[in-house]
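# Remarks on the overall topology
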Amino acid sequence: MTVRETAHGVDPERGTLAKAADENFPVAPFFLPRDWRTDLMAVYGFARLVDDIGDGDLAPGGADARLLGVPAARAEDRLLMLDAFEDDLRRVFDGTPRHPLLRRLQPTVRRRSLTPGPFLGLIAANRQDQLVGRYETYDDLLAYCELSANPVGRLVLAVTGTSTPERIRRSDAICTALQIVEHLQDVAEDLRRDRVYLPAEDMKRFHVQETDLAAPTAGASVRALVAYEAGRARDLLNEGAPLVSSVHGRLRLLLAGFVAGGRAALRAIAAVDHDVLPGPPKPGKVQLLREVGVTLRGEG
């Protein structure tokens, strides 16, 4: 029996936290103070688990459902699981949560005086994913990112005690950009989940049909559309980048990593001529480190 397994299968807490190593962005890198790393990993555990519920990516065996009080026969009901998860989140603020990842989160919430709003936003985004699979306009997509991405940056600022209205505005731009970049990397995978995050009005403008997104490789119209959306993401990253120079020390390096991760991913997308359909274009470590340096110097 491995450290990630129990008598009932995969350990849901360890299994979820282990996914941090596969993310596009640094979650809680070694150079941060230990208390920041602890709290950022607690926040990550919440965010990763709610996304796994929404995407149907929970570990087999139903351990998460049992922990949340959901009957095993209904463990595949994502809306029911999200409702149960929201109920358990509320216990973080006024009781004792059932799920170990939420019990891990409770000391962080108290230590950092975190409010329910950002956590509820992430749950709402995943609930929306069950009900909405297409976005008509770019503004509609931005409203979704306000729920699905921006709360993460706001929580990072809150955990590190650096929140100000201007920093939150810059953080929102970065987080929305990173969400758009992820959508561009995952066009094919999202379509298999019956989700399209490319605005319908933009698809019409570039004469792209959903059947074009199901092709093994992208034609000229799809590539042009992806390049257009990548430009929007790049503009948002540039808008948010001054956040990095507004803080100091190790937090500055962490935030530079977020911006650099987005820029490096955009370069990886451009390097394949915006053909994202064969699989997610991923930047190499050298490219990422180069972008970190550029971001720290305030270039872009």
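Please refer to the structure placed before this passage.
Residues numbered from 1 in each chain as written. Predicted model: local features only at pLDDT ≥ 70, side-chain atom pairs only at ≥ 80, totals over all residues. Heavy atoms only, no water.

### Here we look at the side chain of His99
Using the following cut-off: Only DSSP runs of H or I reaching four residues or more are called helices, and only runs of E reaching two or more are called strands; each is numbered from the N terminus. Any N or O atom pair separated by 3.5 Å or less is treated as a polar contact, with the protein-specific requirement of one donor-capable and one acceptor-capable atom, and with residues adjacent in sequence counted only for side-chain atom pairs. Two residues form a contact once any of their heavy atoms are found within 4.5 Å.
Note on placement: His99 falls in the loop between helix H4 (78–94) and helix H5 (100–112). Separated by 3.1 Å, the side chain of His99 and the backbone nitrogen of Leu101 make a polar contact. Residues within four places of His99 in sequence aside, it is in contact with Pro12, Leu49, Asp64, Leu67, Leu68 and Asp88.

### What to know about the packing of aromatic side chains
Rule in force here: Aromatic pairing here means that ring centres of Phe, Tyr or Trp (its six-membered ring) are within 6.5 Å. Orientation follows from the plane angle: under 30 degrees is stacked, over 60 is edge-to-face, and everything else is tilted. Under the scheme applied here, a residue whose accessible area is under 20% of the maximum for its type counts as buried, over 50% as exposed, and between as partly exposed, the area being computed with a 1.4 Å probe on protein chains only. When the NZ atom of lysine or the CZ atom of arginine is within 6 Å of a ring's centre and also within 35 degrees of its normal, the charge is said to sit over that ring.
Taken as a whole and judged by the stated rule, the model has eight aromatic pairs. Ring centres of Tyr135 and Tyr144 lie 5.4 Å apart, and the angle between their planes is 45 degrees; on these two criteria the pair is classed as tilted. One exposure class covers both Tyr135 and Tyr144, and it is buried. Three or more aromatic residues joined by ring pairs make a cluster, and in this case those are Phe46, Phe85, Phe93 and Phe119. Over the face of the ring belonging to Tyr228 we find Arg205, whose NZ or CZ atom lies 4.7 Å from the ring centre.

### Topic: the environment of Gly284
Summarising the element assignment, Gly284 is placed in the loop between helix H15 (249–271) and helix H16 (285–296). Through-space distance from the C-alpha of Gly284 to that of Ala264 is 8.2 Å; in sequence the pair is 20 residues apart.

### Some points on helix H2 (residues 34–55)
The criterion, for reference: In this scheme, a helix's expected span is set at 1.5 Å multiplied by one less than its residue total.
Relative to the 32 Å expected for 22 residues at 1.5 Å per residue, H2 spans 31 Å between its end C-alpha atoms, a close match to the ideal helical length. Extensive coverage of H2 is indicated by the burial of 16 of its 22 residues. With its phi angle positive at about 70 degrees, Gly56 sits one or two positions after the end of H2.

### Re the state of the cysteines
Our working rule: Two cysteine sulfurs form a disulfide in these notes if their separation is within 2.5 Å.
Under the counting rule described, the total for this entry stands at zero disulfides. Distance from the sulfur of Cys145, which forms no disulfide, to the nearest cysteine sulfur (Cys175) is 9.8 Å. Taking the relative accessible area as the measure of exposure, Cys175 reaches 11% and is therefore buried.

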